[in-house]
Amino acid sequence: MGWNTLDDLDLAGKRVLVRVDINVPVENGAVTDDTRMRRIAPTVSDILKAGGKPVLLAHFGRPKGKVVPEMSLRPLVPALEAALGVPVSFCADCRGPAAQTAVAALEDGAALLLENTRFHPGEEKNGSELAAEIAALGDVYCNDAFSAAHRAHASTEGVARLLPACAGRLMQAELSALEAALGTPDRPVVAVVGGAKVSTKLELLGNLVEKVDHLVIGGGMANTFLAAQGIDVGKSLCEHDMAPTAREILAKAQTAGCEIVLPVDVVVAREFAANADNDTVAADACPADAMILDAGPATVAKVAEVLAGAKTLIWNGPMGAFEIPPFDAATNAAARAAAELTRAGQLTSVAGGGDTVAALNQAGAAGDFTYISTAGGAFLEWMEGKTLPGVAALAR
Ligand code: ADP
Ligand code: MG
């Protein structure tokens, strides 16, 4: 699938509707992390450089189609101006006469932020009326919110169908990284999937075994796979009812020629707590009163070996209970091995997922990865092999 970028459309003098994700954390009225705002700065800046007028569309929270004053975007304006480095005006509606006046009044070199799109019921329903009203405010549509692209909403999908559309810089970076990891990747490809449960990542595992050469299964979900092979995992987090599903995934992997890498040794403890007394044992030797909280050093060595032979890595989910040291050891070691190979130019590494990003940051490895997706749900749906409506609407 190909997409237009900002370079493909004539923006001079054009009103550019830009869907962004500035759903930032706010405490006591102050933005506590403006990362999402800073990440859209290149898009806004490039639109201005090309002579366009950026009109920003965004959601904030879940007002469910009603005006909820606490979910207004207005208080974000000062933080947005600081992050973008340009003046930002605000309009209390994302459609209608007030918005039309605000767009017409937009001065060169400035941006306009329109109020929370989710204040209108038509947003989440992808209503054609709201999409048309929003589209009337612009000449061109640019989507820079990959993280919202798994939802077919008026501002992510409907409007894209009504105007010449393109991907913003952040969306462009995200799409090329994802394309490099699972679209047409350099092989061998290894996927590392960890985290708590198989049940939340079933479709993802099912898709990956057909696309990657090696699948490393870690974290709590590895326990389910061990148990499914008849291994006693004691008091470990384990979804025993998922055993048949786990066996199906193993069989599917075998048919597809995908090597499954499960823990060969594990770190066990009697309590889920930082610095709990622990032992390293073989994967089939978890004591009945203990739980598996991390993969052991022999497993880490195996993962490092697989990574060393790979050209592409896609990672979601920590290898163990990384929040409570020392059960972050396997995640840290694998993350650092991937970081080093990436730095050496041997590996393209892409990772995503809320806890995964936290774990890679904690390991000091995130900066060396080729791409870290902060998109959450959209990243997971993409790993599941699904078509994201907001991306499909940009296809040329
Ligand atoms: P992400 O947010 O990156 O998609 P998940 O939410 O699926 O990742 O998984 C992260 C959680 O998995 C963490 O809270 C971590 O403590 C938990 N976890 C990993 N391994 C284990 C384990 N062996 N036992 C219990 N919890 C685990
Ligand atoms: Mg999580």
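Source: prediction; values computed, not measured.

### Focus on the overall build of the protein
So, point 1. A tally of helices and strands in the protein yields 16 helices and 17 strands.
So, point 2. Taking 396 residues into account, the globule formula puts the C-alpha radius of gyration at 21 Å, and the protein, at 23 Å, falls close to it.
So, point 3. For the protein, the C-alpha atoms occupy an extent of roughly 70 × 45 × 40 Å along the three principal directions.
So, point 4. In the protein, which comprises 396 residues, the share counted as buried stands at 57%.
So, point 5. The contacts in the protein between residues at least 6 apart in sequence include a share of 73% that link residues at least 24 apart.
So, point 6. For the protein, the accessible surface area stands at approximately 15800 Å², while carbon and sulfur atoms represent 51% of it.
So, point 7. Looking at the protein, you have 32 positive and 47 negative side-chain charges, and the mean spots of the two groups are 5 Å apart.

### Side note on the domain arrangement of the protein
So, point 1. Here the protein is partitioned into domain 1 (6–172) and domain 2 (185–383).
So, point 2. Taken over C-alpha atoms, the centre of domain 1 sits 37 Å from the centre of domain 2.
So, point 3. Residue-level contacts link six residues of domain 1 with nine residues of domain 2.
So, point 4. When the two sides are added together, the surface that domain 1 and domain 2 hide from each other amounts to roughly 600 Å², 53% of it contributed by carbon and sulfur.
So, point 5. Contact with domain 2 buries surface across domain 1, with Arg39, Phe146 and His150 losing the most and accounting together for 73% of the total.
So, point 6. Summed over the shared surface of domain 1 and domain 2, the result is zero salt bridges.

### Considerations on the side chain of Arg118
So, point 1. On the secondary structure map, Arg118 appears in the loop between strand E6 (111–114) and helix H5 (121–125).
So, point 2. Put simply, Arg118 is tucked away with no salt bridge, and the nearest opposite charge, on Glu124, sits 4.1 Å away.
So, point 3. Within the local environment of Arg118, its side chain forms a polar contact with the backbone oxygen of Gly61, the two atoms lying 3.2 Å apart.
So, point 4. Discounting residues that sit within four places of it in the chain, Arg118 has contacts with His59, Gly61, Arg62, Pro63, Lys64, Gly65, Lys66, Glu123, Glu124, Arg151 and His153.

### Focus on the nonpolar core
So, point 1. Grouped together as the largest cluster of nonpolar side chains are 101 residues, with contacts concentrated most on Ile22, Phe146, Leu215, Ile314 and Trp382.
So, point 2. Counting residues per element, this core draws most heavily on helix H8 (residues 169–183), at seven residues.
So, point 3. Two domains each provide a minimum of three residues to this core, namely domain 1 (6–172) and domain 2 (185–383).
So, point 4. Beyond its immediate stretch of four places on either side in the chain, Leu215 contacts Ala191, Val193, Leu205, Leu208, Val209, Cys258, Glu259, Ile260 and Val261.
So, point 5. Within the second largest apolar cluster, 29 residues are counted, among which are Val190, Val306, Ala339 and Leu360.

### Examining the site of ligand 1
So, point 1. What surrounds ligand 1 is a group of 18 residues, the closest being Lys201, Ile292, Glu323, Asp355 and Thr356.
So, point 2. Lys201 is positioned with one of its side-chain polar atoms (N or O) 2.7 Å from an oxygen atom of ligand 1.
So, point 3. A total of 580 Å² of accessible area belongs to ligand 1 in isolation, and the protein chains cover 85% of it.
So, point 4. Looking at the shell around ligand 1, the elements with two or more residues in it are helix H10 (219–228), strand E14 (291–295) and helix H14 (354–362).
So, point 5. Among the elements that line the shell around ligand 1, the one with the most residues is H14, at three residues.
So, point 6. Considered class by class, the residues forming the shell around ligand 1 number seven nonpolar, eight polar and three charged.

### Digging into a positive patch on the surface
So, point 1. A cluster of basic residues, Arg62, Lys64, Lys66 and Arg151, forms a positive patch at the surface.
So, point 2. When you line up the elements, Lys64 lands in the loop between strand E4 (53–57) and helix H3 (77–84).

### Points about the pairing of strand E12 (residues 265–269)
So, point 1. Burial analysis of E12 places five of its five residues in the buried class, which makes it a mostly covered element.
So, point 2. Going residue by residue along E12, you find Asp265, Val267 and Ala269 tucked away on one face and Val266 and Val268 tucked away on the opposite face as well.
So, point 3. Pairing of E12 with strand E13 (residues 278–282), which is carried by five bridges, proceeds in the antiparallel orientation. Within E13, the residue paired with Val267 across the bridge is Thr280.
So, point 4. For E12 and E14, the ladder comprises four bridges, and the chain directions are antiparallel. Pairing of Val267 across the sheet is with Asp294, part of E14.

### A few points about the sheet that holds strand E9 (residues 189–193)
So, point 1. An order of E11-E10-E9-E15-E16-E17 is seen for the six strands of this open sheet, with the pairing classed as parallel. Each edge of the open sheet carries a strand with a single partner, namely strand E11 (259–261) and strand E17 (371–373). Within this sheet the neighbouring strands show an average axis-to-axis angle of 15 degrees, counted without direction.
So, point 2. As paired strands, E9 and strand E15 (residues 312–316) are joined by five bridges and run parallel to one another. In the strand pairing of E15, Val192 is matched with Trp315.
So, point 3. Most of the contacts of H8 go to E17, to which it runs at about 110 degrees, and overall it touches E9, E15, strand E16 (348–352) and E17.

Parameters and conventions
- Residues numbered from 1 in each chain as written.
- Chains lettered and ligands numbered in written order.
- Predicted model: local features only at pLDDT ≥ 70, side-chain atom pairs only at ≥ 80, totals over all residues.
- Heavy atoms only, no water.
- Helix = DSSP H or I, 4+ residues; strand = E, 2+ residues; numbered from the N terminus.
- Rg over C-alpha atoms; globule rule 2.2 N^0.38 Å.
- Buried < 20%, exposed > 50% of the residue type's maximum accessible area, 1.4 Å probe, protein only.
- Contact = heavy atoms within 4.5 Å.
- Areas by Shrake-Rupley, 256 points an atom, 1.4 Å probe, with all protein chains shown as cover.
- Lys, Arg positive; Asp, Glu negative; His and termini not counted.
- Charge placed at Lys NZ, Arg CZ, Asp CG, Glu CD.
- Domains from an automatic or database assignment.
- Buried area = accessible area lost by both parts, 1.4 Å probe.
- Salt bridge = Lys/Arg side-chain N within 4 Å of Asp/Glu carboxyl O.
- Polar contact = N/O pair within 3.5 Å; in protein donor to acceptor, adjacent residues only side chain to side chain.
- Core = buried A, V, L, I, M, F, W, Y, C linked by side-chain atoms within 4.5 Å.
- Near = heavy atom within 4 Å.
- Nonpolar A, V, L, I, M, F, W, Y, C, P; charged D, E, K, R; others polar.
- Patch = residues over 30% accessible without salt bridge, like charges linked within 9 Å, V, L, I, M, F, W, Y side chains within 5 Å.
- Pairing = 2+ DSSP bridges.
- Axes fitted to C-alpha atoms, helices over the stretch in contact; angles between N-to-C directions.

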